[in-house]
Amino acid sequence: MLSMLLLPAIFMLLASFKLQSVRKLLPFTSLAILLPIVELFRLPKPYSLWGDYLVANDLNTYILLVSSIVGIGVTLALLTLDKHVDVTPKAIQSFYRFFALFWIGLIFSILANHMGIFWIGLEMATLSTVYMIKTSSYPSADKEAWNYMIVGAIAISLVLFGIILIYASAKPVLGEDAMLFDALLSKAHKINSPFLFEMGFAITSMGFFIKMGFFPMNLWLANIERASFYPIAALFSGILESAVIAGFFRFSQIADIINRSHLLGFVFVYTILTIFIVSFLIFRAKDFMRIFSLSGIEHMALIALFWVSGGTFAALLHFGAHAFLKPALFLSTGVLESQGRYQITGALKGYSGISGKLFYLLVSLFMLGIISLPPSPMFFSELYGFGAMVDMAKDSHHLIAMIGAVTLLLILLSIIFYRFVQLYQSMKYEGKTVEKRVYFSEVLALSLFAISLIVLLSPSSIHFLRSIV
Amino acid sequence: MVEFFIGIFLATLITALFTTRLYRLLLWYSLNSMSLGLLALILGGQFEDRAMIISGIITLIVKAMGIPYFLKYLSERLSLNRQISPNIKIQHSIILIPAILVFTFYLAEPISHMVQGNSNYVAISISSLFLSLLLMMEHTNIAPKIIGFLSMENALFLLGTTATGGMPMLVELGIFFDLLMAIVVVNLLLKNEEEVEGDA
């Protein structure tokens, strides 16, 4: 099964050296990654792919499935990259080479039951994205690629630093098994140095939070996504951040057993502070990429918040919705920005033909879906998530504080809501009508995301998400 | 002997922070990695840990010799600027570096009874991590930033060796693999920059 998962990515890597027309093959190779993942769903869990090192469970299979669907969408949109931006065939070939390495790293990272392998996969994925950023011809791409290399390396080093401390805290009890997530989870209460574990967890989480653009690194990711080609931003938000948040899910499950109140305090302060800053940054942002990128940070913060509050279903639903909506919006910027990178007015005007009309409809729905207007899955996930937060506080003495926190969050989310509605109105009603070209593969990619969102809301998906944790 | 090599490790890193020439910086990095490799060999021998001995040998070959040589070759071929003046003045660094060292010893104090080995080693590992970050921050040139990143990997290796009595072999090898990939990416980024400048 593991070879089936890795073969398409390895094929993609080899093909990128030989074939000039490699990009036409890539949607098929991405589809080939999806097939063994679907098969993984049918197998009894936990399913060992490589001893104790790689173990598929419901949580990581779901994350991998979502990521592979995003991968198909991105490769479809990549078919017409050169129609929207200035890119050389050589750069595209290099891009695919690193895209394949990115996939291999992610498969290892998402399916890892071993903290070390999780880190190695994440580092591999991070390093491969550095060169993908560099393929962009924008003048700032060069600087931002180095920026990503340096800050990404610091973030990932913090993750390793934390892992070493966690390993040191659990090794006296578990031996070399202290590297295994499932062993740590089942024997967390036996760890006799909880302080060391918590220090490790806090440092690891800070590494994850830097990678996701949380406080105080809010603009770091947005600037990088602005400087790179739009499919990179889609990969970041739909796949790379999924692997990062998957890591956070697993580490926080163990931290929850060690000391729940410390975990809650740490994550609540960090995420609320992040959303506070991001909401005002979104209000001030003046281009699609930065707005979408900052909105991505807001959603990742909400997912982390819901997860630690016990709203695991809400977190996973929000995660799936974000993973489909955000790449769809990033991919649509190729067309939306055809009049200029800061030209928001009239961006939703000038679409003709079936492809154009469908593009207009889908982008409008995605724009409104991302701010949680019903029936967007985000509406339901936020409803359940905030409900879980209040439910958690009911049994404690902190109910008033929790209601205050939820109210503050709703006020901050309303600022983002206002900005997106303003943006949508500006795109639809202001500015001149200029004819825009939409390609079939782009509409196909957006349709794939729309169908995935509908499936996410189906009763069987909801039932599956509820059963994961 | 372990104390001696840890001392050399820290001393080379501190010296690297004051260096203003690229090749000298590569030399300090090489010595830093060499002390780390020898340390792993000694500790591996003491604990009879084969994985740690293999890691030590790989460190000596890859980090102490291979990477510095490759970076020197790259800087010659791409004519990188060899004058690398730090942004932080030396008189400020002289105050800052001991402050970092004292702070990390204070930080590591509560965990001193929780780690298997000597807690001072853990404090030195953490301070090395901060000093590597400082090396990355105090330079605007790319080459010292890369050395800072590589020194950070060394600090983490030291932490893994001293705080846990050695990480599993698979993880050590994976970290080496990622390090090599980082070097490949750095090479490609620098090459690409050269091509862009050539076209211009």
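Each remark here, short or long, concerns the structure printed above.
Residues numbered from 1 in each chain as written. Chains lettered and ligands numbered in written order. Predicted model: local features only at pLDDT ≥ 70, side-chain atom pairs only at ≥ 80, totals over all residues. Heavy atoms only, no water.

### Side note on the pattern of salt bridges
All names here are of chain A.
- Counted according to the given criterion, the structure contains eight salt bridges over all chains.
- Of the charged contacts, one joins Lys394 and Asp391 as a salt bridge, the two residues approaching to 3.2 Å between their closest N and O atoms. In this pair, Lys394 and Asp391 are both assigned in helix 16 (residues 377-394), three residues apart and thus about one turn of the helix distant.
- Residue class for Lys394 comes out exposed when judged on its relative accessible area of 53%.
- Salt bridges linked by common partners bring Arg226, Asp287, Arg290 and Glu337 together as one network. (Salt bridge = Lys/Arg side-chain N within 4 Å of Asp/Glu carboxyl O. Helix = DSSP H or I, 4+ residues; strand = E, 2+ residues; numbered from the N terminus. Buried < 20%, exposed > 50% of the residue type's maximum accessible area, 1.4 Å probe, protein only.)

### A few points about the nonpolar core
- With 263 residues, the main nonpolar core has Phe248(A), Phe366(A) and Phe420(A) as its most contacted residues.
- Considering every element that reaches this core, the biggest residue donor is helix 7 (residues 139-174) of chain A, with 21 residues. (Core = buried A, V, L, I, M, F, W, Y, C linked by side-chain atoms within 4.5 Å.)

### Considerations on helix 13 (residues 288-308) of chain A
Residue and element names in this part refer to chain A.
- Its 21 residues place the ends of helix 13 31 Å apart at the C-alpha level, agreeing with the 30 Å of an ideal helix rising 1.5 Å per residue.
- Counting buried positions over the 21 residues of helix 13 gives 20, a clear majority of the element.
- Just downstream of helix 13 lies Gly310, where phi reads positive at about 95 degrees. (Expected span 1.5 Å × (residues − 1).)

### Let's talk about a negative patch on the surface
- On the surface, a cluster of negative charge is made up of Asp52(A), Glu176(A), Asp177(A) and Asp182(A).
- In this fold, Asp52(A) is placed in the loop between strand 1 (47-50) and strand 2 (54-56). (Patch = residues over 30% accessible without salt bridge, like charges linked within 9 Å, V, L, I, M, F, W, Y side chains within 5 Å. Areas by Shrake-Rupley, 256 points an atom, 1.4 Å probe, with all protein chains shown as cover. Lys, Arg positive; Asp, Glu negative; His and termini not counted. Charge placed at Lys NZ, Arg CZ, Asp CG, Glu CD.)

### Considerations on the packing of helix 2 (residues 22-47) of chain B against helix 3 (residues 50-77) of chain B
- Between helix 2 of chain B and helix 3 of chain B, the shortest axis-to-axis distance is 7 Å and the interhelical angle comes to 170 degrees. Judged on the interaxial angle alone, helix 3 of chain B and helix 2 of chain B are roughly antiparallel. (Axes fitted to C-alpha atoms, helices over the stretch in contact; angles between N-to-C directions. Parallel < 35°, antiparallel > 145°, perpendicular 65-115°, else oblique.)

### Observations concerning unusual backbone geometry
- Residue Pro46(A) is reached from Lys45(A) by a cis peptide bond, and omega for that bond is -5 degrees.
- Turning to its location among the elements, Pro46(A) is positioned in the loop between helix 2 (22-42) and strand 1.
- Between Pro374(A) and Pro375(A) the backbone carries a cis peptide bond, its omega angle lying at 10 degrees.
- The phi angle at Ser372(A) is positive, at roughly 70 degrees, despite the residue not being glycine.
- Classification of Ser372(A) by relative accessible area gives buried; the value is 11%.
- A positive phi angle is found at Glu48(B), which is not glycine, with a value near 55 degrees.
- Its location among the elements puts Glu48(B) in the loop between helix 2 and helix 3.
- On the basis of relative accessible area, Glu48(B) is assigned to the exposed category, the value being 72%.

### Comments concerning the packing of aromatic side chains
- A complete count under the given rule lists 35 aromatic pairs over all chains for this structure.
- With a centroid separation of 5.3 Å and an interplanar angle of 70 degrees, the aromatic rings of Phe4(B) and Phe5(B) are classed as edge-to-face.
- Of the residues examined, Phe4(B) reaches a relative accessible area of 48% and is grouped as partly exposed.
- Residue Phe5(B) is classed as buried on the basis of its relative accessible area of 11%.
- Ring-pair connections join several aromatic residues into one group, and the members of that group are Phe201(A), Phe209(A), Phe214(A), Phe248(A), Phe266(A) and Tyr270(A).
- Above the face of the Tyr439(A) ring, Lys83(A) is positioned so that its terminal group lies 5.8 Å from the ring centre.
- The ring centre of Phe313(A) lies 4.2 Å from the NZ or CZ of Arg466(A), which sits over that ring. (Phe/Tyr/Trp six-rings, centres within 6.5 Å; stacked < 30°, edge-to-face > 60°. Lys NZ or Arg CZ within 6 Å of the ring centre and 35° of its normal.)

### Quick notes on the interface of chain B and chain A
- With 40 residues of chain B at the contact, the number on the chain A side is 39 residues.
- Both faces considered, chain B and chain A share a buried interface measuring about 3600 Å² in area, 82% of it formed by carbon and sulfur atoms.
- Across the chain B-chain A interface, the total number found is zero salt bridges.
- At the surface where chain B touches chain A, the tally comes to one residue pair in polar contact (both at pLDDT 80 or more).
- Residue assignment for the side of chain B that touches chain A shows that the elements contributing at least two residues are helix 5 (119-137), helix 6 (142-164) and helix 7 (169-199) of chain B.
- It is helix 7 of chain B that provides the largest number of residues to the side of chain B that touches chain A, a total of 16 residues.
- Looking at the side of chain B that touches chain A residue by residue, the classes come out as 28 nonpolar, seven polar and five charged. (Contact = heavy atoms within 4.5 Å. Buried area = accessible area lost by both parts, 1.4 Å probe. Polar contact = N/O pair within 3.5 Å; in protein donor to acceptor, adjacent residues only side chain to side chain. Nonpolar A, V, L, I, M, F, W, Y, C, P; charged D, E, K, R; others polar.)

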